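This is what each chain is made of:
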Amino acid sequence: MDRREALKRLGVAGTVAGLAGCVGVQEQDDPTEGGGGSGGGSDGSDGSDDSDSTTTSGPAGEAKVWYTLAQAERPAREDAIEEFNDESRHTISGSNISDMVKKTTSAIPAGQGPETFDWAHDKVGDYSQRGFLTDRSDELNVELDQFTDAAADAVQYKGDVVGLPHGAETVGLVYNTDIVDEAPETVDDMVAVMEDYHDPENGKYGLGYPINSYFVSAWLQAFGGYFLDLDADPQLGVAEDETVKGLEFLVNNFKPYMPKDFSYGPQATAFADGNAAFAINGPWYLSTLNDKGVNYEVAKLPKPEGGSPRPFTGISMWYFTKGMDEDTPAATAGQDFVEWYVTDEELALQLANDKGLIPVLDNLVGSDELPDSVQAFSQAVGQGIPMPSDPKMAKIWPSMKTAIIESFNGNTEPESALQTAAEEIRDNWD
Amino acid sequence: MNTFSRVARRLETIPYLEKSDLSLLFVLPGLFVFSAFMLFPVLYIVGISFTNAQPANLFAGEGVVAILTFGEASYVGLENYIGVLTDPRFWNSFGVTWLYVATSVVMKLVFSIGMALVVTSDRVRGRRLMRSFIILPMGLPAIFTITVWRGIFSSANFGLANQLLGAFGITTVSWLTERWPAFFAYNVTEAWLAYPFMVIITVSALQDVSEELHEAAKVDGAGHLARFRHVTLPSIKRPVLFATILTSAASFQQFLIPFVFNTGGPARQNELLILYGYQEAFSFSDYGRGAAISLIAVAFIGTFMWINVKRGKLADGVKEA
Amino acid sequence: MSLIRSILTRTKEDAVRVATSPIESARVAKYTAEGVLSGDIPPREPLKTVGATLGALALVLVVLFPIYWIFTAAISSTGGSIYSSGDFQLFPSNPSMQSFLWVVGDLIVPGYAISLNLPLSDLAVVFTTPRVELLDVADYGVTNPSNFKHFLWNSLTVAIPTVILAMCLVVPAAYALSRREFIFRRKILFGYILLTQVGGGLGIALLIGLYAIYVQFGLNDSKLALAVYYAATAVPFNTWLLKTYMDGIPVSYEEAAVVDGAPPWRVVTEVVLPLSTAGLATVFVFTFLTGWTEFVVAQTLLGTENYTLPVGLYALIDEYTIPWARFSAFALTFATPIMLVYLFAQRYIEGGLSFGGIEG
């Protein structure tokens, strides 16, 4: 490279550098965004959130909250967080996590976890035992008795309050109003309708019912059976006569009217396509039905002869993680957010209306402001019992799943399947 | 001569030295980077397999270092290994897995080589485009395609496979609730998932075959089949053999397919080895045992691969070929 | 430098060729038709070609059927599922591109206000570039488009370093293992064979250990660390693969070059490497795939901002409701770059021997 070239390049470089210092680039705001912003401002100040959320004192903190929500539900959650951020001195940042169990299991012990996360209450025992959660009963600013008993129980483990509940869920009966006139009160009524309608040759099924321990718990426990009862003897109730009777009832009465693939996809689709008379499913199912344009109504589960259905209910709660151990601003921020979220009646009603979430605030249970489907699910929750969150349950789920699926596939009799499961569970408890 | 001057002279000397340990330098960076990342995790797994680690005791300590030293889990010696080797389920798993490897590898080989030949044949137009399309399954995440295949093999009357059978008048098969239909379903899905890998390798190998050899053979009057056997096959032997070994290892370690389809078949009969390990570790929360199973699996497949590499003389350098 | 330039020229040629291929094939067809009619070309020849092409096409279509099924799920309106209790339909009744639009999101180049401050004064000259709207999906009724573009960027910034790093590690190693004798050679080879299985079936304990180490070094949530990890795990397999390709190159070529007086490093770059382009391209494809499609470790190590495409894909599912239409659209769009990478790499895979350059 000769000198002239070198000088030329130097010159260019120099000019560019000089100019760069003087140049500023700024992104033009999207002209439409400004208008939207001003509209949103007025919504937040509607606040009927008021009296019991006493504002805590102390420095402003930043907290991380994790949750797992369907794409359609995330905007509502993000809006709620924004609302809180506007009103409070704290800043909450939310993240949608796709595999919550795995992520919390690896992140929390490594100190990388959130202050709080949103999940069903079944992890309360397990995570407490592993040291992932922390008891905040001393710092709580809300009273637990404003929640339903079941919800209040669910968030405690051995007396420690490790979180606060914000919603309940369970499965109920959904029926296609084009096919079925009114909700059946008893299982026999329901079977009669299914018998009429079921015609697999022509693609018509009586019932679309995903089979797993959670979904079928209603019937297994309908005749007095139980999975785990720490106060009873034996603690493990899966092989007791009453539970066996429940499983047999389930297989005999429902299996003949269902599609042969018992996992969630095919069962849910059968009803969602309008090809089944009944479905047993939870509130999350309703948005799919709405999309597909099925005419449906929700009812509580019908009674079997000689028993009463007792489904497992899940309580969605915000857990207090180990990150909230110390009284740091972050912990206060997390707690303030959780307390605000669970006590805000406006929010609960809005979520009930939009997403079918069942509120656990005593004031709202059975309230007329809830939409019909939510009321029906709420009644189903009333029928049920919360899933035990004791760590021993963790060993029960896999064996039960095998036993139930095997019975449904017809490969084994319910009694021997449950016996095998019970043995396996007892082995693993040691 | 000291090492430095030897390195300096390298630029001028003949490549083929009798004692050229310096070439080790070429390999070291890769080896080093790999070890840096995988060495500790591997040691960790070996360590954990000798403990009775469970979620309750593994995470009991404070902070990350505690996890790295296994928390409060205690040393149990060979208990995990003995427990595994005396478990009849383990042997069932073991047997089924080897059977699965045998059947799926045969299927994969035949299908892939056939496919590769078709898309490199001179007579087919637009083969480059076809080749790109058949690679597509590899670009999708495995768990996604496996979920789709599960939908195809659904036991319900409206499952796609059943509808296809119905078109031919055959009654619906309960694919996933019976042992051997499920096994068949696993094989088909495995073949579909693995063929892009083998096809890529075979296609590259086929295109490396010298045209001149083919011409020479044609001049000698060799027909298609003879040319295939004597010209094509020997030239593609090494990469294809290597791919086969790897693909058998992949079959051996298959986890997602049985997991998503029906968690190991009716009553865990079709539980392939890694799924068995997963059940122990995750469902029953016995990390130590799960790790022991994984290591046993690695030992077996490692031996298998070692034997085959030796037999296929793949480890030989080019001069000994 | 010249290597890169040659790659760029070839890419340009490829692009041009692809664009003109319909014209090219039309011309060939016309030529063949004329040849047959005039009796120069026996009719059997083109018929064999047509037959072979159709046969191959049929085979490809059958094999790709599940992909087609995914595609139909993607273009049916939301609420579709891969399970449909009705009869199988070859083409959905209300096709709509909405899911794909949702995946792609808005393609809007925002307008920029570039201000040039005149030195030594308080004045500034302002240029405004217009806001270019290529695609505004709100027009098609899609609110809340996916984060595909964000994840795409993340994936690219993970996959490309992975490939570069892996190639640097693998190529010299493969060359040495193929052509040189040195101490530990066999041990390393056999060791690598075993190590190709590491990271595959070692499960949860591995993941926990790995995560713990990364946190210790403060490396979690770093895309570069993830790329290095992928490159590391790719080393054993790809070194072996490349070695097997290099074994296929006869030593005589190198010896000929040496006789011509070439110094050893030139022998490598101008004889061995060009002859092993097939292997190199294959390794390129595989390392890219590792960086692009790996999911488990990425999900464990990365935070939400840095999620790569597979993790983002999985975030679409909740426990029970899988939005099949969007999910499928996302997955298919996710797989397209692989196709492009392979299409691009084919050029080099077909390099083969320089003598009698084979047309693939």
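Residues numbered from 1 in each chain as written. Chains lettered and ligands numbered in written order. Predicted model: local features only at pLDDT ≥ 70, side-chain atom pairs only at ≥ 80, totals over all residues. Heavy atoms only, no water.

Student: Lay out the overall build of chain A in plain terms, naming residues and giving numbers.
Tutor: Summing up its helical and strand segments, chain A has 16 helices and 13 strands in all. Looking at chain A as a whole, 53% of its 430 residues are labelled buried. Residue pairs in contact within chain A that sit at least 24 positions apart in sequence constitute 76% of those at least 6 positions apart. With the model as given, the accessible surface of chain A reaches about 18700 Å², and the carbon-plus-sulfur share is 44%. (Helix = DSSP H or I, 4+ residues; strand = E, 2+ residues; numbered from the N terminus. Buried < 20%, exposed > 50% of the residue type's maximum accessible area, 1.4 Å probe, protein only. Contact = heavy atoms within 4.5 Å. Areas by Shrake-Rupley, 256 points an atom, 1.4 Å probe, with all protein chains shown as cover.)

Student: Break down helix α7 (residues 187-197) of chain A for me, citing the residues and quoting the values.
Tutor: All names here are of chain A. Considered for burial, the residues of α7 that qualify are V187, M190, V191, M194 and Y197. The buried residues of α7 all sit within an arc of 130° when viewed along its axis, so they share a single face. For α7, the exposed residues set more than 90 degrees away from the buried face come down to E195 and D196. Residues of α7 that are buried sit in contact with β8 (172-176), β9 (205-208), α8 (213-220), α9 (241-254) and β10 (276-281). (Arc of directions from axis to C-beta.)

Student: Describe the pattern of salt bridges, with residues and values.
Tutor: Counted by the stated rule, this structure contains 6 salt bridges over all chains. For A:D327, the salt bridge is made with A:R136, and the minimal N-O distance between the two is 3.9 Å. Placement of the pair is A:D327 in the loop between β12 (312-320) and α12 (329-343) and A:R136 in the loop between α5 (124-129) and α6 (149-154), with a sequence separation of 191 residues. Between B:R150 and A:D261 there is a salt bridge, with its nearest N and O atoms 3.1 Å apart. (Salt bridge = Lys/Arg side-chain N within 4 Å of Asp/Glu carboxyl O.)

Student: Tell me what's going on with the packing of helix α6 (residues 88-120) of chain B against helix α11 (residues 179-207) of chain B, and back it up with residues and numbers.
Tutor: Residues and elements named next belong to chain B. For the pair α6 and α11, the least separation of the axes is 6 Å and the interaxial angle reads 45°. With respect to their mutual orientation, α6 and α11 come out oblique. The chirality of how α6 crosses α11 is right-handed. Of the residues that constitute the contact of α6 with α11, the class distribution is 21 nonpolar, 8 polar and 3 charged. (Axes fitted to C-alpha atoms, helices over the stretch in contact; angles between N-to-C directions. Parallel < 35°, antiparallel > 145°, perpendicular 65-115°, else oblique. Left-handed = near helix turned anticlockwise from the far one by under 90°. Nonpolar A, V, L, I, M, F, W, Y, C, P; charged D, E, K, R; others polar.)

Student: Account for the nonpolar core, with residues named and values stated.
Tutor: The tendency in soluble globular proteins is for nonpolar side chains to be buried side by side. Of all hydrophobic cores here, the largest spans 300 residues; its most connected members are A:Y209, A:W219, A:F254 and A:F337. The dominant element in this core, judged by the number of residues it contributes, is α11(B), at 15 residues. Residue contacts for A:W219: discarding those within four places in its chain leaves A:V187, A:Y209, A:G246, A:F249, A:L250, A:F254, A:I280, A:L301, A:P302, A:P304 and A:P309. Grouped together as the second largest cluster of nonpolar side chains are 5 residues, C:I249, C:A257, C:V267 and C:L275 included. (Core = buried A, V, L, I, M, F, W, Y, C linked by side-chain atoms within 4.5 Å.)

Student: Give a description of the packing of aromatic side chains that names residues and reports values.
Tutor: Note on aromatic pairs: each is described by the distance of the centres and the angle between the planes. Within the structure shown, the criterion is met by 56 aromatic pairs over all chains. On the basis of an interplanar angle of 50° and a centroid distance of 4.8 Å, the ring pair of B:W98 and B:F252 is categorised as tilted. Within this pair, whereas B:W98 is found in helix α6, its partner B:F252 is found in helix α13 (residues 224-252), the two being separated by 154 residues in sequence. A residue is classified by how much of its surface remains accessible, and B:F252, at 0% relative accessible area, is buried. Within the aromatic cluster, the residues linked to one another by ring pairs are B:Y100, B:W149, B:F153, B:W175, B:W180, B:F183, B:F184, B:Y186, B:W192 and B:F261. Above the plane of the ring of A:Y67 lies A:R77, whose end atom (NZ or CZ) is 5.1 Å from the centre. It is A:K245 that lies over the ring of A:F223; its NZ or CZ is 4.6 Å from the centre. (Phe/Tyr/Trp six-rings, centres within 6.5 Å; stacked < 30°, edge-to-face > 60°. Lys NZ or Arg CZ within 6 Å of the ring centre and 35° of its normal.)

Student: Go over the sheet that holds β8(A), please, and point to the residues and values.
Tutor: All names here are of chain A. Sheet architecture is open: 4 strands sit in the order β9-β10-β8-β11, paired in mixed fashion. In the strand order of this sheet, the two ends are held by β9 and β11 (296-299), each with one partner. With direction set aside, neighbouring strand axes in the sheet form an average angle of 20°. Two elements, β8 and β11, share 4 bridges in a ladder whose sense is antiparallel. Counted as the bridge partner of V174 is V298 from β11. Across the face of the sheet, helix α11 (residues 285-292) comes into contact with β8, β10 and β11 while running at roughly 160° to β11. Lying on the sheet, helix α14 (residues 372-383) is in contact with β8, β10 and β11; it crosses β11 at an angle near 30°. (Pairing = 2+ DSSP bridges.)

Taken by themselves, the reported measurements are silent on function.
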